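Topology and contacts: notes
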There are 2 protein chains.
Amino acid sequence: MAVNASRKPVLDGKECDMSGWDMNNCPVRDVLDRIAGKWSTLLLGALARQPYRFGELRRLVPDISQRMLTQTLRDLQRDGYIEREVFPTKPPSVEYRMTDLGRSLFEPLSKVLLWAEANHPSVKAARVKYDESELA
Amino acid sequence: MAVNASRKPVLDGKECDMSGWDMNNCPVRDVLDRIAGKWSTLLLGALARQPYRFGELRRLVPDISQRMLTQTLRDLQRDGYIEREVFPTKPPSVEYRMTDLGRSLFEPLSKVLLWAEANHPSVKAARVKYDESELA
DNA sequence: AACGTTGGTCTCAAAAAGAGACTAGCACTA
DNA sequence: TAGTGCTAGTCTCTTTTTGAGACCAACGTT
């Protein structure tokens, strides 16, 4: 059974020690399950820049359905990341803007987005390599 | 139509200027759609600590199905975040460990996890507030 | 001989997401 | 004045994704 070789921690604990985390029923999951959706980060990224109206967001993210746009915005609002304000124009217009909590979340989150942008080539290369070794 | 009030940028551009990002067909989406899955961050968090075998991961995350565990690990492997090594024991055992790319991703990602842990109370409070105002 | 262990795959049911029609009230146009 | 478009959604239907659980083969243990 002594098969496994190097089981040293990858992070040194100063960076982020999550050894005490209970994977089941843990606050991190509770929060992350919401912001990990397909559209959440995208909308947070947009609203971090400036407030937008419903239709503006729809045009900004062309391949989102109205259904998912509504639902994702509701979820983000419920968790306190964005605010919704209705202006009594005819027809009524609705503006979404980030809250302080949302901004606070987006600070570390933006670092991940920047990492994704910077390392996209590496990921694409890894995919090609994997796919080549698979068809063998 | 001059309804919308404050449309000033939320971030000052030094933090993270993504105003030039194309929301559609953008590298960030391509990378993020993979790590934004329900189980991805959880598995990355575990493997950031140390290498694990298939069965160990399954026990570590009790409510994941074998099917999704297999699939998520494959996806993470394909994108180059983790490595898979088969040991020719009987029955064969398989170990998963993080790559350098995975560790590089987990650095900013862990900051988001820490944020989630720290701000869980705020999020829960926001949910309660939202739900109360809804049933009115 | 029966059972547990390994890391999966396969099938079927349930949940989630996408596509598109539909709404109301007003403004603008023909 | 009738027709059209705008707003921010909701409702229904179909497709995709996910979850639950059975099954596999070969070996070790009891």
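Keep in mind that what you see is a predicted model, and the values were worked out from it rather than measured.

A separate point is the UniProt feature "domain: HTH hxlR-type" (unreviewed entry) in chain A. Using the residue numbers shown here, the UniProt feature "domain: HTH hxlR-type" (unreviewed entry) corresponds to residues 26-124 of chain A. Across residues 26-124 of chain A, helical content stands at 65% and strand content at 14%; the span's end C-alpha atoms are separated by 32 Å.

Residues and elements named next belong to chain A. Spatially, 3 strands are ordered β1-β3-β2 in an open sheet, and the strand pairing comes out antiparallel. At either margin of the open sheet sits one strand with a lone partner, and together these are β1 (52-53) and β2 (82-87). Packing against the sheet, helix α2 (residues 40-49) makes contact with β1, β2 and β3 (93-98), and its axis sits at approximately 90° to β3.

Residues in close proximity to DNA strand C total 22 residues, the closest being Met68(A), Gln66(B), Arg84(B), Pro91(B) and Tyr96(B). Backbone atoms, meaning sugar and phosphate, make up 60% of the atoms of DNA strand C lying within 4 Å of the protein. Separating a phosphate oxygen of DNA strand C from a backbone N or O atom of Gly55(B) is a distance of 3.2 Å. Every element with two or more residues in the surface near DNA strand C is listed here: α4 (66-78) of chain A together with α3 (54-60), α4 (66-78) and β3 (93-98) of chain B. Looking at the surface near DNA strand C, its residues break down into 8 nonpolar, 6 polar and 8 charged.

What follows covers the sheet that holds β3(B). As a general point, the strands of a sheet are linked pairwise by backbone hydrogen bonds and lie either parallel or antiparallel. Residue and element names in this part refer to chain B. If you trace the 3 strands from one edge of the open sheet to the other, you get β1-β3-β2, paired in antiparallel fashion. Lying at the two open borders of the sheet, with one neighbouring strand each, are β1 (52-53) and β2 (82-87). Here β1 runs beside β3; their pairing, made up of 2 bridges, is antiparallel. Within β3, the residue paired with Tyr52 across the bridge is Tyr96.

We now examine α2(A). Counted residue by residue, α2(A) has 10 buried out of 10 residues, so it is predominantly covered. Taken together, the buried positions of α2(A) are occupied by Ser40(A), Thr41(A), Leu42(A), Leu43(A), Leu44(A), Gly45(A), Ala46(A), Leu47(A), Ala48(A) and Arg49(A).

With that settled, consider the packing of helix α5 (residues 100-134) of chain A against α4(B). Close contact between α5(A) and α4(B) brings their axes to 8 Å; oriented N to C, the two are set at 115°. Contacts between α5(A) and α4(B) involve Ala126(A), Arg127(A), Tyr130(A) and Asp131(A) from the first element and Arg74(B), Gln77(B) and Arg78(B) from the second. Per-class residue counts for the contact of α5(A) with α4(B) are 2 nonpolar, 1 polar and 4 charged.

What follows deals with the nonpolar core. Among the nonpolar cores identified, the biggest contains 66 residues, and Tyr81(A) and Tyr81(B) are the most heavily contacted of them. Non-local contacts of Tyr81(A), meaning those with residues more than four positions away in its chain, are made with Val31(A), Ile35(A), Leu44(A), Leu76(A), Arg97(A), Met98(A), Thr99(A), Leu101(A), Gly102(A), Leu105(A), Trp115(B) and Val123(B).

Considering all chains together, one arrives at 16 salt bridges over all chains under this definition. Residue Arg127(B) pairs with Asp79(A) through a salt bridge whose shortest N-O separation is 2.7 Å. Of the two residues, Arg127(B) is situated in helix α5 (residues 100-134) and Asp79(A) in the loop between α4 and β2; the pairing between them involves two chains. Per residue, the accessibility class of Arg127(B) equals that of Asp79(A), and both read buried. The salt bridge involving Arg78(B) is made with Asp131(A); its shortest N-O contact spans 2.5 Å. Of this pair, Arg78(B) sits in helix α4 while Asp131(A) sits in helix α5, which puts the two residues in different chains. The partly exposed category is assigned to Asp131(A), whose relative accessible area is 34%.

Conventions adopted
Every chain is numbered on its own, with residues counted from 1 as its sequence reads. Think of it this way: whatever chain is written first is A, whatever ligand is written first is 1, and the rest follow in order. In keeping with the predicted nature of the model, local features appear solely for residues at pLDDT of at least 70, side-chain atom pairs appear and are counted solely at 80 or more, and the whole-chain, interface and lining totals rest on all residues. To get the side-chain values, take all heavy atoms of the structure and skip hydrogens and water. UniProt positions are given in the numbering used here, feature names are shortened, and annotations may be inferred rather than shown by experiment. Going along the chain from the N terminus, every DSSP run of H or I of four or more residues is numbered as a helix, and every run of E of two or more is numbered as a strand. Here, strands pair whenever DSSP counts at least two bridges between them. Note on contacts: a residue pair is in contact if any heavy atoms of the two residues lie within 4.5 Å. Whenever a helix is involved, its axis is fitted only over the stretch in contact; in every case the axis is a line through C-alpha atoms, and angles between N-to-C directions fall within 0 to 180 degrees. Nearness is judged by heavy atoms alone; a residue qualifies as near a molecule or strand once a single heavy atom is within 4 Å of it. Under this definition, polar contacts are N or O atom pairs within 3.5 Å; protein pairs additionally need one hydrogen-donor-capable and one acceptor-capable atom, and for neighbouring residues in sequence, both atoms have to be side-chain atoms. Under this grouping Gly is polar, as are all residues other than the nonpolar Ala, Val, Leu, Ile, Met, Phe, Trp, Tyr, Cys and Pro and the charged Asp, Glu, Lys and Arg. A simple rule labels every residue: compare its accessible area, found with a 1.4 Å probe on the protein chains alone, to the largest value its type can have, and call it buried under 20%, exposed over 50%, or partly exposed in between. Take the buried residues of types Ala, Val, Leu, Ile, Met, Phe, Trp, Tyr and Cys, join any two whose side-chain atoms come within 4.5 Å, and each joined set is a nonpolar core. Any carboxyl oxygen of Asp or Glu that lies within 4 Å of a side-chain nitrogen of Lys or Arg is treated as forming a salt bridge with it.

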